2 protein chains.
Amino acid sequence: MNKKTDLRVLRTNQSIRKAFYELIQEKGYEAITIQDIADRAMINRNTFYLHYQDKPDLLDICVDELLEEIKNAIVQCPISMRPFSISTLETVMQTILEHISHNTSYYQAMLVGENKIYLFQSKMEKIIKDKLNEGWNSPQGNSTLTISKELLLEYLVSSFMGVVIWWIKNDLPLPAEEVSSQFSKIVAYGHLKTAGIAVKE
Amino acid sequence: MNKKTDLRVLRTNQSIRKAFYELIQEKGYEAITIQDIADRAMINRNTFYLHYQDKPDLLDICVDELLEEIKNAIVQCPISMRPFSISTLETVMQTILEHISHNTSYYQAMLVGENKIYLFQSKMEKIIKDKLNEGWNSPQGNSTLTISKELLLEYLVSSFMGVVIWWIKNDLPLPAEEVSSQFSKIVAYGHLKTAGIAVKE
DNA sequence: TAAATAATGAACGATATGTTGTTTATTTAT
DNA sequence: ATAAATAAACAACATATCGTTCATTATTTA
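About the cut-offs
Residues numbered from 1 in each chain as written. Chains lettered and ligands numbered in written order. Predicted model: local features only at pLDDT ≥ 70, side-chain atom pairs only at ≥ 80, totals over all residues. Heavy atoms only, no water. Near = heavy atom within 4 Å. Polar contact = N/O pair within 3.5 Å; in protein donor to acceptor, adjacent residues only side chain to side chain. Helix = DSSP H or I, 4+ residues; strand = E, 2+ residues; numbered from the N terminus. Nonpolar A, V, L, I, M, F, W, Y, C, P; charged D, E, K, R; others polar. Buried < 20%, exposed > 50% of the residue type's maximum accessible area, 1.4 Å probe, protein only. Contact = heavy atoms within 4.5 Å. Phe/Tyr/Trp six-rings, centres within 6.5 Å; stacked < 30°, edge-to-face > 60°. Lys NZ or Arg CZ within 6 Å of the ring centre and 35° of its normal. Salt bridge = Lys/Arg side-chain N within 4 Å of Asp/Glu carboxyl O. Arc of directions from axis to C-beta. Axes fitted to C-alpha atoms, helices over the stretch in contact; angles between N-to-C directions. Parallel < 35°, antiparallel > 145°, perpendicular 65-115°, else oblique. Left-handed = near helix turned anticlockwise from the far one by under 90°. Core = buried A, V, L, I, M, F, W, Y, C linked by side-chain atoms within 4.5 Å.

J.: Sorry if this is basic, but what is going on with the protein's contact with DNA strand C here?
T.: Surrounding DNA strand C, one finds 23 residues, the nearest of these being A:Arg8, A:Thr12, A:Asn46, A:Thr47 and B:Asn46. Near-protein atoms of DNA strand C (within 4 Å) split between backbone and bases, with sugar and phosphate holding 63%. In the environment of DNA strand C, a base oxygen lies 2.9 Å from a nitrogen or oxygen atom belonging to the side chain of B:Arg8. B:Arg45 is positioned with one of its side-chain polar atoms (N or O) 3.0 Å from a base nitrogen of DNA strand C. Where the surface near DNA strand C is concerned, the elements lending two or more residues are helix 1 (7-27) and helix 3 (45-51) of chain A together with helix 3 (45-51) of chain B. Per-element accounting of the surface near DNA strand C gives the leading share, five residues, to helix 3 of chain A. Its residues assigned to classes, the surface near DNA strand C shows eight nonpolar, eight polar and seven charged.

Shown next as structure tokens:
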């Protein structure tokens, strides 16, 4: 009687999700029709509407479900920005990378290729930004930054996402610990010096 | 007789572009119908098809025209990555920022807000990446980087775009020279130290 | 086994698309 | 200034997708 106990509901729903992720990678979200999903999931087009309002509804639910997992993964990571603690930033990234490594195909569909879902990236950026922002909200009084905090956050989030996406796109070429370790070093010391590139004024 | 001399063509085309940019910001690209554009531009729906194949065609042309200007702006900027020269990176960013400041409304529509055009950002990232990549193509032999060059490029481009978008989003709060100067310093020395934030191991 | 409910299948109106003609208005060239 | 060229307007069309309704069939739960 409960919606989640009826095997038909579960099976249909699984088929829809699977078909949807496949089609996103094949033809991109916008090009997908409800009939496409129904055909691939081998259900009647009408059945789709018994489970989701429309295509954006399906996308939102998929996106939010994945992001909810990221939120849960990092919620207990401690974070401190003043003083900046390398280990905490490293922990956040490593936690996220490890979560991604257990659900690679989903994140591949969401974040890689010309059919990637920019809504997902944008929402994920917000989550990272909020998390990093926590580190500044500790009651230590305002100090005098020579750069706008907003600019700093933007910079940090952008590079963070850049590295994460690079990692997924290249099929996780390095262990999660190594990527997060290198990233935090780059952030702290400047990536050119970290990489061993000479700098001339 | 030439398509570009007939005032009717020019006027109609201008109306279409203007309507298109407005509608992108108002309701987002996907929600726009050809009829919307025709109504706003005060032309017959049919007339649209005399100028563009379809909606994606119009978008592509708008995007590529803007990007062409960016390409032209930075094509003559010298760039060197080994040794890394702060001034060259600074020059590239400053050139781009100044170009943007002369066409703010277009870049606002393309890069800011929930209706931004991710295709544009993605193509712009590629242009920046190619440009930065030039700096490595000088014949100096392979050196041993401690980080993958691809990772480094991804990091650089992501942070570059992050700063640019932040700048546009906040209505160009600082002069272009200052943003590009600070950015290159962050890149070279690490943003935390640049910002005056203490780092603890 | 009976009741509940999920899924099917057919049909519908509404909306947007892209195309094809024809007519009107404007521009260019003679 | 006028005639030829062409852009734009207007109407009509077939097609596709959407979201909904309703009756019927199949499956699951109680």
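J.: Just checking my understanding: could you explain the environment of A:Phe183 for this structure?
T.: Within the element layout of this structure, A:Phe183 appears in helix 9 (residues 176-189). Exposure remark for A:Phe183: the relative accessible area of 2% places this residue in the buried category. Once the C-alpha coordinates of A:Phe183 and A:Val163 are considered, the two residues, 20 residues apart in sequence, prove to be 7.8 Å apart. Each residue touching A:Phe183, except ones within four places of it in the same chain, is listed here: A:Leu89, A:Met93, A:Leu156, A:Ser159, A:Phe160, A:Val163 and B:Tyr155.

J.: Honestly, the packing of aromatic side chains in this entry has me stumped. Any pointers?
T.: Geometry of an aromatic ring pair is reported as the spacing of the ring centres plus the angle between the planes. Throughout the structure, instances matching the rule amount to 16 aromatic pairs over all chains. Seen in terms of ring centroids, A:Tyr155 and B:Phe183 are 6.3 Å apart; in terms of plane orientation they differ by 70 degrees. Their pairing is edge-to-face. Taken together, the positions of A:Tyr155 in helix 8 (residues 149-169) and B:Phe183 in helix 9 (residues 176-189) put the pair across two chains. Taken together, the ring pairs connect A:Tyr155, A:Phe160, A:Phe183, B:Tyr155, B:Phe160 and B:Phe183 into an aromatic cluster. When the ring centre of A:Tyr29 is taken as reference, the NZ or CZ atom of A:Lys55 above it lies at 4.4 Å.

J.: Is there a simple way to think about the protein's contact with DNA strand D in this case?
T.: Taken together, 24 residues lie around DNA strand D, and A:Asn46, B:Arg8, B:Thr12, B:Asn46 and B:Thr47 are the ones closest in. Taken together, the sugar and phosphate atoms account for 64% of what DNA strand D places within 4 Å of the protein. Separating a phosphate oxygen of DNA strand D from a backbone N or O atom of B:Val9 is a distance of 3.5 Å. Taking B:Asn46, its side chain carries an N or O atom lying 2.5 Å from a base nitrogen of DNA strand D. For the surface near DNA strand D, the element with the most residues is helix 3 of chain B, which contributes five residues. When the residues that make up the surface near DNA strand D are grouped by side-chain class, the tally is eight nonpolar, nine polar and seven charged.

J.: What's the story with the pattern of salt bridges in this structure? I'm lost.
T.: Side chains carrying opposite charge are able to pair once their charged atoms draw close together. As enumerated under the stated definition, the model contains 20 salt bridges over all chains in all. A:Arg40 is the partner of A:Glu26 in a salt bridge, and the nearest nitrogen-oxygen pair spans 2.8 Å. Separated by 14 residues along the polypeptide, A:Glu26 in helix 1 and A:Arg40 in helix 2 (residues 34-41) bring together distant segments of the chain. The salt bridge involving B:Glu22 is made with B:Arg40; its shortest N-O contact spans 2.7 Å. Remark: B:Arg40 occurs in helix 2 (residues 34-41) and B:Glu22 occurs in helix 1 (residues 7-27); sequence separation between them is 18 residues. We classify B:Glu22 as partly exposed; its relative accessible area is 26%. Among the residues examined, B:Arg40 registers a relative accessible area of 34% and is labelled partly exposed. Taken together, the shared-partner salt bridges in this structure form one network comprising A:Lys18, A:Glu22, A:Glu26 and A:Arg40.

J.: What should I look at first to understand helix 2 of chain B in this one?
T.: For an α-helix the count is 3.6 residues per turn, leaving residues at separations of three or four pointing the same way. All names here are of chain B. Every buried residue of helix 2 is accounted for by Ile34, Ile37, Ala38 and Ala41. Seen from one end, helix 2 has its buried residues packed into an arc of 100 degrees, which puts them on one side. Positive phi appears at methionine 42, one or two residues downstream of helix 2, with a value of about 55 degrees.

J.: Would you explain the packing of helix 4 (residues 55-74) of chain A against helix 6 (residues 104-111) of chain A in this entry?
T.: Residues and elements named next belong to chain A. At a minimum axis separation of 12 Å, helix 4 and helix 6 run at an interaxial angle of 120 degrees. Taken together, the axes of helix 4 and helix 6 are oblique relative to one another. Crossing angle aside, the handedness with which helix 4 passes helix 6 is left-handed. From helix 4, Cys62, Val63, Leu66 and Ile70 reach across to helix 6, where they touch Tyr106, Tyr107 and Met110.

J.: What's the story with the packing of helix 5 (residues 86-101) of chain A against helix 9 of chain A in this structure? I'm lost.
T.: A pair of packed helices is captured by two measures, namely the crossing angle of their axes and the spacing between those axes. All names here are of chain A. Where helix 5 contacts helix 9, the two axes come as close as 8 Å, and the packing angle between them is 145 degrees. When you trace helix 5 past helix 9, the crossing you get is right-handed. Contact residues: helix 5 offers Ile86, Leu89, Glu90, Met93, Gln94, Leu97 and Glu98, while helix 9 offers Ala176, Glu177, Val179, Ser180, Ser181, Phe183, Ser184, Val187, Ala188 and Tyr189. Among the residues forming the contact of helix 5 with helix 9, the class breakdown is 10 nonpolar, four polar and three charged.

J.: It is not clear to me how the nonpolar core should be interpreted in this structure. Could you clarify?
T.: What tends to happen in soluble globular proteins is that the nonpolar side chains get buried as a cluster. Counting residues in each nonpolar core, the largest one holds 128 residues, and the members touching the most others are A:Phe120, A:Met124, B:Phe120 and B:Met124. Each residue touching A:Met124, except ones within four places of it in the same chain, is listed here: A:Leu67, A:Ile70, A:Ile96, A:Ile100, A:Leu111, A:Met161 and A:Val164.

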